[in-house]
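# Structural overview
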Amino acid sequence: MSGTSSGLQVPADAVKPVRHPDAPAPGELLGAHYGQCFGCGGDQPHGLHLQARAGEGVSITAEFTVQPAHQGAPGLAHGGVLASALDETLGSLNWLLRTIAVTGRLETDFLRPVPVDTTLYLEAEVTAVAGRKIYSTATGRIGGPEGPVAVRADALFIEVKIDHFVDHGREEEIRAAMDDPDQVRRTRAFEVNP
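The present account deals with the structure reproduced in this document. Source: prediction; values computed, not measured. (Residues numbered from 1 in each chain as written. Predicted model: local features only at pLDDT ≥ 70, side-chain atom pairs only at ≥ 80, totals over all residues. Heavy atoms only, no water.)

## Examining the sheet that holds strand β4 (residues 119-130)
Taken in spatial order, the six strands line up as β1-β2-β4-β5-β6-β3 in an open sheet, and their pairing is antiparallel. Both edges of this open sheet fall to β1 (51-54) and β3 (101-110), since each of them pairs with a single strand only. For this sheet, the mean angle separating the axes of adjacent strands, direction not counted, is 20 degrees. Summarising the sheet, strand β2 (residues 59-65) and β4 pair through seven bridges and their orientation is antiparallel. Bridge pairing in β4 places phenylalanine 64 opposite leucine 120. (Pairing = 2+ DSSP bridges. Helix = DSSP H or I, 4+ residues; strand = E, 2+ residues; numbered from the N terminus. Axes fitted to C-alpha atoms, helices over the stretch in contact; angles between N-to-C directions.)

## Examining the packing of aromatic side chains
Scanning the entire structure with this criterion turns up zero aromatic pairs. Directly above the ring of tryptophan 95 sits arginine 98, whose terminal nitrogen or CZ lies 4.0 Å from the centroid. (Phe/Tyr/Trp six-rings, centres within 6.5 Å; stacked < 30°, edge-to-face > 60°. Lys NZ or Arg CZ within 6 Å of the ring centre and 35° of its normal.)

## Some words on the pattern of salt bridges
Using the criterion set out here, one finds two salt bridges in the structure. Salt-bridge contacts for arginine 105 lead to glutamate 107; the nearest nitrogen and oxygen are separated by 3.0 Å. Notably, a salt bridge pairs arginine 152 with aspartate 109, separated by 3.2 Å at the nearest N-O pair. Of this pair, arginine 152 sits in strand β6 (residues 149-159) while aspartate 109 sits in strand β3, placing them 43 residues apart in sequence. Using a relative accessible area of 16% as the deciding quantity, one classes aspartate 109 as buried. (Salt bridge = Lys/Arg side-chain N within 4 Å of Asp/Glu carboxyl O. Buried < 20%, exposed > 50% of the residue type's maximum accessible area, 1.4 Å probe, protein only.)

## Re the side chain of serine 59
Turning to its location among the elements, serine 59 is positioned in strand β2. One polar contact links the side chain of serine 59 to the main-chain carbonyl oxygen of glutamate 56, over a distance of 2.6 Å. Once you skip the residues sitting within four places of it in the chain, serine 59 turns out to touch Arg53, Ala54, Leu93, Leu96, Ala124 and Glu125. (Polar contact = N/O pair within 3.5 Å; in protein donor to acceptor, adjacent residues only side chain to side chain. Contact = heavy atoms within 4.5 Å.)

## Concerning the pairing of β6
By the criterion of burial, β6 is predominantly enclosed, with eight of the eleven residues buried. Looking at chain direction, β3 and β6 are connected through nine bridges and run antiparallel. Bridge pairing in β6 places arginine 105 opposite leucine 156. From the end of strand β5 (residues 133-142) to the start of β6, which pair antiparallel, there are six residues, and glycine 143 there has a positive phi angle of about 80 degrees.

## Things to note about helix α1 (residues 79-92)
Spanning 14 residues, α1 covers 20 Å between terminal C-alpha atoms, matching the ideal 20 Å at 1.5 Å per step. By the criterion of burial, α1 is predominantly enclosed, with eleven of the 14 residues buried. Those residues of α1 that sit buried are Val81, Leu82, Ala83, Ala85, Leu86, Asp87, Glu88, Thr89, Leu90, Gly91 and Ser92. Elements that come into contact with the buried residues of α1 comprise β2, α2 (94-97), β3, β4, β5 and β6. (Expected span 1.5 Å × (residues − 1).)

## Details of the environment of proline 21
For proline 21, the position within the fold is in the segment before β1. The sequence separation of proline 21 and leucine 97 amounts to 76 residues, and the corresponding C-alpha distance is 8.7 Å.

If you want it as structure tokens, here you go:
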């Protein structure tokens, strides 16, 4: 990625990421981490409804189709929506590490316009881990998984404890998520975003 800032430079002491032994198998659909999530949640009528699948190593693929509610300029996806799709895809990688982490930095390049009704094919991978810092990269293609790159991003996620969400989230949503009897859903509700 051109122009990557010093905040995304991988430190010399970083290590190669290691997929958690309990991570979903390659090809397995990850599902929504939280029903109300704008990126992947099914309960958001104008959300992205992004579908992510585990890949090999610490990688995933995902896709979403740009809807009329996602427009910026007439007939084209809003840049913020495309950045959200990249952020959601990159954040989903943390489920393969079984780490709760939030977006610390996201740098996005917009290379081609993405028209309404276009499916954006995303690929992401964790490139390095240094302490609590998780470095990752993603691309979004149009016209198919091998089509031209329309958007790309590099990101830094920071591992946090569940207290991050308890201390900063709205009490009623936090309580509802923590009271969910499904342990996987309860854990995944707190997996991404600041």
